[in-house]
Amino acid sequence: MDSNGTLRANKTKPHLAQQIHSTRSSLSDAESSRQGWSGAEWNTNSTARSSHSSGDEQRRSTIDTSRPSYHPNGSGSALYDVTTSSPVRSTHSPLSNGYAQSGPSHSSDGFTTSAYANASSSYARSRRKETETGVEVESESEDGSNHNHKSAKGRLKNRGRGSSFSLPFHRRRRLSDSLPWPAKWWPGGGGFGSRSSNKRGLLIILVLLASLIWGISIWKKKYEIQVEFSVFKKKWIKEEIDSISKLKGCFQNPSSQYNITKHNSPKRYTLNPGISLKRGMACYDYSSTIQPIPELSPESLIYHTYWRSDLIPFGERQIITFLSFLATQPLEYSKLILWTNGMDILQENENIKPYLEKWGEYIEIRQVYMDQLTQGTDLEPILSSASRGNGNGKQNVFDQKAWVDGDAIRLLVLWHYGGIWMDMDQILTRDLHPLMESEWTTQWDCYDKPYFSLNGALMHFERHSPYLCEAFHLMSTSPFPEPNTFTWGSHLYSKLHRALLADHIKPFGVLPWCFADPRNCRTDNRFPDPFETDPTHFAGKEWDNQGGREELEERVGQVWTVHLHNQWNKKFPKNGWVERLLEGYKGQLERLERYAEARGLTRQGRVVLGKKEEEF
């Protein structure tokens, strides 16, 4: 450039440097003392700069371009001169509050610099928004808490033009600001930096947990869950359910020993309600409508049950079947036969022997001989060889197929003798004579299972009944059942029931679920668990204060049996409702014994109330 241009640049530079130097000198001592930067190295002023070429770019280069360092209060920056690398103390420039002005139009010597004025005006507009917005600066104390500087009040209001540009102040961003809101409130999360924050988070969690518990308790009072599901193979449904088995034709040519007149005669009792009785106490109310007719004498009735002596010893739990039978049935017209594969073992059992000695007129133990029971039936070819003699004329039943004997024996026994079959895990509660007018099985539960809806734990059939004849035919033409399945139980009776309907034959009856198993229904109307302590509520009534206990005792007298489902290893709780029931039965037998002794109705220690054994 020419000499004039150089001269103007040199003249301009001292003029600007003089203004900056005077401003720095006036503020350096006070600010350095307040900010703690009182050392000699922080009091060094900016050094002289070399001259540059003329023009806008040359003038911008005369301004200090040193890098600002972090300053906590935002009132100034420590700069390092690019030229000398020495620390420079920067202060607010007199031009920092005058960005709206166009800048000086003449230099100190009167020389007009329009290019400089235009550049200053453009730069002022670009910096105005930044200074008006301000930058909030926080200082972090040693204990980790954030405080705004008292004198600066956290904002940098006016920043000087002591250099061509200045880097913006940056504060370290807290990790909690970048976390989602659940993480901020969770204990130990990024949003907790103090003990008070952790306590607040823990309090929130406790409040939420308490609200959840309260909500569940309210929900349980208003709603009830009843869940039950089963899984079946579609192939099995197609083969065993959808396909109807063919009958043998036993009803076309019934046995001469079958009472066909009784089968076809009008019935005095309606044992099938025709609708589902699962709501409230409807099933118990319906059962209470079936009562003995006083002017009619009961018919003789045999009760059959079975016990395998080689599986579980016959103990106190099993003896309750004898106890309930003697206390509830009219003994003059009743007899209980206990079928077993080990008669000698049971006769010498210490729990059974006292009952045989005193009540032997009404309780009898008989040995099972499968070759005799299957004789003349469709089961003879397949089951008679399953029982083998042991050399003493006694036989063991189904040594290899023990899972079959329950279903086969009950039907074979009823075929030869007729009467009512009941499993050993039953507690009788009423006289069963009014139910012998019809032939029937019982409903499995109140849920109306589509494939296993019937149960043979309590059932009644006449001697040589065509229903039993057809059942033998289905058993003989079907494969042996798999262990622990209901193929020859519930499925057999359901299969027979569908086949009878398909052949337009009146099927056997089905008693409602509560008649024989009042435990198998909804939680709001089923009997309490016999092996648990008395409940707090029954049928919507408090046990002690609202008559729940009395309600249950009344319903026990309306059903016919209580099914215990072979839970032989469980005990009845002390003074529970089942134990109180059994204590009542024991008292009934004691009164009956005293009555028989007073009337002379005992023979060699046995109680004989009227009927003779020959009539059964």
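The rules we used
- In this convention, every chain numbers its residues from 1, walking through the sequence in written order.
- With the structure being a predicted model, the display of local features is reserved for residues of pLDDT at least 70 and the display and counting of side-chain atom pairs for 80 or more, all residues being used for whole-chain, interface and lining totals.
- Remark: hydrogens and water are excluded; side-chain values derive from all non-hydrogen atoms of the structure.
- Helix and strand assignments come from DSSP, with helices taken as H or I runs of at least 4 residues and strands as E runs of at least 2, each series counted from the N terminus.
- Accessible area is worked out with a 1.4 Å probe on protein chains only. A residue is then buried under 20% of its type maximum, exposed over 50%, and partly exposed in between.
- Here the Shrake-Rupley method, with its probe set to 1.4 Å, supplies the accessible areas, and only the displayed protein chains count as covering residues.
- Angular values range over 0 to 180 degrees, each being the angle between N-to-C directions of two axes fitted as lines to C-alpha atoms, with helices fitted over their stretch in contact.
- Orientation is classified from the angle alone, with under 35 degrees giving roughly parallel, over 145 giving roughly antiparallel, 65 to 115 giving roughly perpendicular, and any other angle giving oblique.
- Should any heavy atoms of two residues lie within 4.5 Å, those residues are counted as being in contact.
- Residues are sorted three ways: Asp, Glu, Lys and Arg are charged, Ala, Val, Leu, Ile, Met, Phe, Trp, Tyr, Cys and Pro are nonpolar, and all the rest, Gly among them, are polar.
- Each crossing gets its hand from how the near helix is turned against the far one by less than a right angle, where anticlockwise is left-handed and clockwise is right-handed.
- Values of pLDDT, the confidence the predictor places in each residue, fall between 0 and 100.
- UniProt positions are given in the numbering used here, feature names are shortened, and annotations may be inferred rather than shown by experiment.

**Some points on the overall build of the chain**
Here comes step 1: The helix and strand tally for the chain stands at 19 helices and 20 strands.
Here comes step 2: The buried share among the 616 residues of the chain stands at 43%.
Here comes step 3: For the chain, the exposed area adds up to about 33900 Å²; of that, 52% sits on carbon and sulfur atoms.

**A closer look at the packing of helix α6 (residues 234–242) against helix α16 (residues 490–502)**
Here comes step 1: Taken N-terminus to C-terminus, the directions of α6 and α16 make an angle of 55°; their axes are 10 Å apart at the nearest point. Taken together, the axis directions place α6 and α16 in an arrangement best described as oblique. Every residue of α16 that contacts α6 at Trp236, Glu240 and Ile241 is listed here: His491, Lys495 and Arg498.
Here comes step 2: Here the contact of α6 with α16 is built from residues that sort into 2 nonpolar, 1 polar and 3 charged.

**Some thoughts on the packing of helix α9 (residues 316–328) against helix α19 (residues 577–599)**
Here comes step 1: At a closest axis distance of 9 Å, the pairing of α9 and α19 adopts a crossing angle of 55°. It follows that α9 is oblique to α19 by the angle criterion. In terms of crossing hand, the pair formed by α9 and α19 is left-handed. Where α9 approaches α19, its residues Ile320, Leu323, Ser324, Leu326, Ala327 and Thr328 are matched on the opposing element by Leu582, Tyr585, Lys586, Gln588 and Leu589.

**Here we look at the confidence of the model for the chain**
Here comes step 1: Taken over all residues, the pLDDT of the chain has a mean of 74, while the share at 70 or more is 62%.
Here comes step 2: This model gives residues 1–17 a pLDDT under 50, and the stretch forms 15 contacts once residues within four places in sequence are excluded.
Here comes step 3: Throughout residues 25–117 the model reports pLDDT below 50, and contacts reaching past four residues in sequence, or to other chains, amount to 162 contacts.

**Concerning the environment of Ile237**
Here comes step 1: In this fold, Ile237 is placed in helix α6.
Here comes step 2: Each C-alpha atom, one on Ile237 and one on Tyr451, is 8.5 Å from the other, the two residues being 214 residues apart in sequence.
Here comes step 3: If we skip the residues at most four places from it in the chain, Ile237 touches Phe232, Asp242 and Tyr451.

**Considerations on the UniProt feature "transmembrane region" (unreviewed entry) in the chain**
Here comes step 1: UniProt records the feature "transmembrane region" (unreviewed entry) at residues 201–219, using the numbering of this structure.
Here comes step 2: The annotated region residues 201–219 carries 100% helix and 0% strand content, and the separation between its end C-alpha atoms amounts to 27 Å.

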